[in-house]
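# Fold and geometry: a report
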Amino acid sequence: MTETPTPRHIPNRLDSPLRSALFSWEALLILVAIAIFIVNSFASPYFLNAWSLSDLTFNFTEKALIALAMALLIIAGEIDLSVAAIIALASTMMGLALQVGVDTPGLVAIGIATGLVCGAFNGFLVTGLKLPSIVVTIGTMSLFRGLSFIILGDQAFKGYPESFAFFGQGYVWWVVSFELVLFLVCALLYYFLLHRTNFGRRVFAIGNNPVASRFSGVRVDRIRFTLFCLTGLMSGIASVLLTSRLGSTRPSIAQGWELEVITMVVLGGVNILGGSGSILGVVIAAFIMGLVTFGLGLLNVPGIVMSIFIGALLILVIALPIVYGMLKRSRA
Amino acid sequence: MKTLLRYREIWLSIAIIVLVAGVALRRPTYASPANLLDVFNNTSLLLILAMGQMAVILTRSIDLSMAANLALTGMIVAMINAAFPTFPVPLLLVLAALIGLGLGAFNGVLVWKLNIPAIVVTLGTLTIYRGTTFLVSGGKWVNADQMSADFIGLTRWAFLGLPLLSWFAIAILIAFIVLMTRTNIGRALYAIGINPTAAVYAGIDVGRTKFIAFCLSGAIAGLCGYLWVSRYVIASVEIANGYELNIIAACVIGGVSIAGGIGTAFGAALGALFLGVINSALPVINISPFWQMAISGTAIILAVIFNARSERKHGRIILKSVEGTNG
C-alpha cells in the first residue's frame, strides 16, 4: 500500500503497549463484542432469542466470507476494491444462465467460476503487469459492474428455482443457517491456511518485505496471484448466497460492500499496510459488525446512521491503543 | 528536454481531441463551442474535486471521504438556505468551504497526530459523514422549491458566456497550478511523496504537510458541496454516492501516481475532462449510458498500465526535470 515513510514505526499494533501488556487485539475485540451484546439485550426485548440471533448472522456472513480472503490479501500488502462488483457480475452471469434454463448446480458453478475468473483477471493485472492493486481494482470495479449494467440495463432477473433458495435462506439445523455454517467452515480453513501452513507464513513474509521474500525464494507473484483468485472465489460464493437470499439479480446488487469488507478486515486487526493480522480477529470483527447493525436495527435506527457507529468503531478501536501508547510514553 | 510530464499531458490532450473529433463525425453539433462549453461545465465539479484529491495522493495518502464530505456540507448549506432564504449566498459559499475544511482537518489530525493510515481514517469518516448527513437532514431531501433563487442561480450566473461554475473550475485549476509549482507547500507535497525520509532531513514536517493536504481536499470538497447542490438543485443523503472513486479515477487517468510524488494539477484536470467527454459522448453516439461504467473502468486500467510503463522507464518526475535543466 502507499502509505507513510517508515512503515515499521507507524501503526504497528503488534508493538503497541496495550497488546504486550494484558490484552491482545482479539481480546479487545471480544470485550467490545460482549459489551455490544449486553447493550443490545438490554436495549431491546426482542434481541435475546434464537431466531433473532440467527437472523443476525445474515447481516454479515456474505461480507465476512469475502473478508476472510481479503484479510490474506491485505496482509500480503495488496487490496481488492472490486469484490462487490464481482458479486454483481457473478450474479448477472447466474441470471443469464437462468434465462437459458440452467438448474441449481449449474447456477452455483457459474457464480463461483465467474468470481474466480474475475479474481484471476485482477491477479494478472497486478502481478503480470506489475501495477498497484488499489488503482487496478478501482478500474476493474467499474469494469465488472459496468459489464453487469451493459448486460442487464435497468431490468432484473427473477425466478430462481426453489432449490436455489437454500443457499441464502436455508437452515442446516433448526435455527442454524447454511450461510453461517459455511462461514464457520471457511473461517477454519482460512485459519489453517494463514496460521498453520507455509503458504500462510509466506503471505506474512511478503507483506513485511516483498523484496526480501523474493530473494529468499518465495514466489511472490504466484502467491499474490493466488490470493487475488481467492478473493474472487469468495466473492463468487458470496454472490451465490446473496443472489439466493434476495431471489433476484440486479446490477446494483451489493453496492458499497467493498468498503464494508475492508472495514471488517481492518477492525479485525489486520494492518492495512500489510504484514500482520489474524483470522480470529476478522471473525470477531465480523460478529461485532453484525451485532452493531442488528442491535441498532431492533432500535429502528436507519441503516445509514448505523454506519456512523461502524465508522466511529473503526477509528476508535484503532486509535485507542495508539493514544494509550502515547500517554504511556509521555508519562515515562 | 522532452520531459515525461509534457509527454503525458500532450498524450491526454490528443486523446481528448480525438474523442471529440470522433464523436463530431457522427454528430457535428457535438463539437460546437456551445456544446463543448456545456461539457466543460458538466465536468467542472469532477475537475475541482480532482485537485483536492491530487494534493492528498501526492503525499502517498488517499481521501475516500471527499464525496461524503461534499454530501454533508451540501446538505447543511441547503438546509440553512431553506430555513433562512435571506442568508447571503456568497457567505454560504464561504461557510461551505469552512465546514469542509473542518471535516478535512479532522481526517488530517488523525493521520498526523495518531499516524493512522489515511485509507483507514477516511474509510471511517466516509461512513461517519454520510451517516451524519442523514442525522442532520432526518433523511429528508431539500428540493428545488425550498431553495432561494440566488442559491440556485449563483452557479448558473453567466459571465463572458460561461457559467460561474466553469469559472470556479478554471480559477481553482489556476490556483492549484500556482500552489503546486510556485509555493513551498506544493514542493513539500511532492517531496514527501517522492521520499518521505529525505523530506524529513530537508526540514519538512511530513505529518503537518499531510494535514495541510487533507485540509485542502476537505475545503475543496466542502466548496463542491454547495456547488453540487446548486448545480443539481437537490440535496439528499445519496448525492455523490460512490463518487470518491470517480475522483481518484480522474487523478489516475491524469497521471497522478497512487504511490505518491508524481502528477500535476493540469494533468489531473485533463483526466477529469477525459472522463467528462466520455460521459457526454455516449448518448450522442447512441451508445446506451449503461456502457459508461465499463468504458471508464477500461480507461482507468489502460491509464494505470500507461502510468506504470512511463514511471519505470523515466524515473521520478522531479529528478527528470532537474536533469533536463542541467543538460
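Provided above is the structure to which this section pertains.
To start, this report covers the structure provided alongside it. Every chain is numbered independently, its residues counted from 1 as its sequence is written. The naming scheme follows written order: chains are lettered A onward, ligands numbered 1 onward. Reporting in this predicted model follows two pLDDT cut-offs: at least 70 for local features of residues, and 80 or more for side-chain atom pairs to be given and counted; totals over whole chains, interfaces and linings ignore these cut-offs and use all residues. Heavy atoms throughout the structure, all of them, feed into the side-chain values; hydrogens and water do not.

### Structural notes on the overall build of chain B
Here a strand is any run of E in DSSP of at least two residues, a helix any run of H or I of at least four, and the numbering for each starts at the N terminus. Helix and strand counts for chain B come out as 14 helices and two strands. Against the 2.2 N^0.38 benchmark of 20 Å for 327 residues, chain B shows a C-alpha radius of gyration of 20 Å, consistent with a compact globule. Based on the C-alpha atoms only, the size of chain B along its principal axes is roughly 60 × 55 × 35 Å. When the 327 residues of chain B are sorted by exposure, 57% land in the buried category. What sets the accessible areas is the Shrake-Rupley method with a 1.4 Å probe; for residues, cover comes only from the shown protein chains. For chain B, the exposed surface amounts to about 13100 Å²; the carbon and sulfur share of it is 69%. The globule rule used for comparison is 2.2 Å times the number of residues to the exponent 0.38, while the radius of gyration itself is calculated over C-alpha atoms. Each residue gets one of three labels from its accessible area relative to the maximum for its type: buried under 20%, exposed over 50%, partly exposed in between, using a 1.4 Å probe on protein chains only.

### Re the interface of chain A and chain B
Contact criterion: two residues are considered in contact whenever any of their non-hydrogen atoms come within 4.5 Å of each other. With 49 residues of chain A in contact, the opposing surface of chain B contributes 48 residues. Accessible surface is computed with a 1.4 Å probe, and the buried area is the amount of it that two parts give up when combined, taken over both parts together. Taken over both partners, the interface formed by chain A and chain B buries close to 4000 Å², and the fraction arising from carbon and sulfur atoms is 83%. Those elements that provide at least two residues to the side of chain A that touches chain B are helix H7 (133-152), helix H13 (257-267) and helix H15 (303-331) of chain A. The leading source of residues in the side of chain A that touches chain B is H7(A), at 14 residues. Of the residues assigned to the side of chain A that touches chain B, the class counts are 35 nonpolar, ten polar and four charged. Residue type decides the class: Asp, Glu, Lys and Arg count as charged, Ala, Val, Leu, Ile, Met, Phe, Trp, Tyr, Cys and Pro as nonpolar, and the leftover types, Gly among them, as polar.

### Description of the pattern of salt bridges
Residue and element names in this part refer to chain A. Any carboxyl oxygen of Asp or Glu that lies within 4 Å of a side-chain nitrogen of Lys or Arg is treated as forming a salt bridge with it. Taken as a whole and judged by the stated rule, the model has six salt bridges over all chains. Across the salt bridge formed by glutamate 179 and arginine 245, the nearest N and O atoms sit 3.9 Å from each other. Of this pair, glutamate 179 sits in helix H9 (residues 178-195) while arginine 245 sits in helix H12 (residues 220-246); the two residues are 66 residues apart in sequence, bridging distant segments of the chain. A network of salt bridges, in which partner residues are shared, links Glu78, Lys130, Asp221 and Arg224.

### Notes on unusual backbone geometry
All names here are of chain B. With a phi angle near 70 degrees, arginine 60 is a residue other than glycine that sits in the positive phi range. With respect to the element layout, arginine 60 can be found in the loop between helix H2 (33-58) and helix H3 (66-83). Phi is positive for asparagine 115, which is not a glycine, with a value near 60 degrees. As for its position among the elements, asparagine 115 is in the loop between helix H4 (89-113) and helix H5 (118-137).

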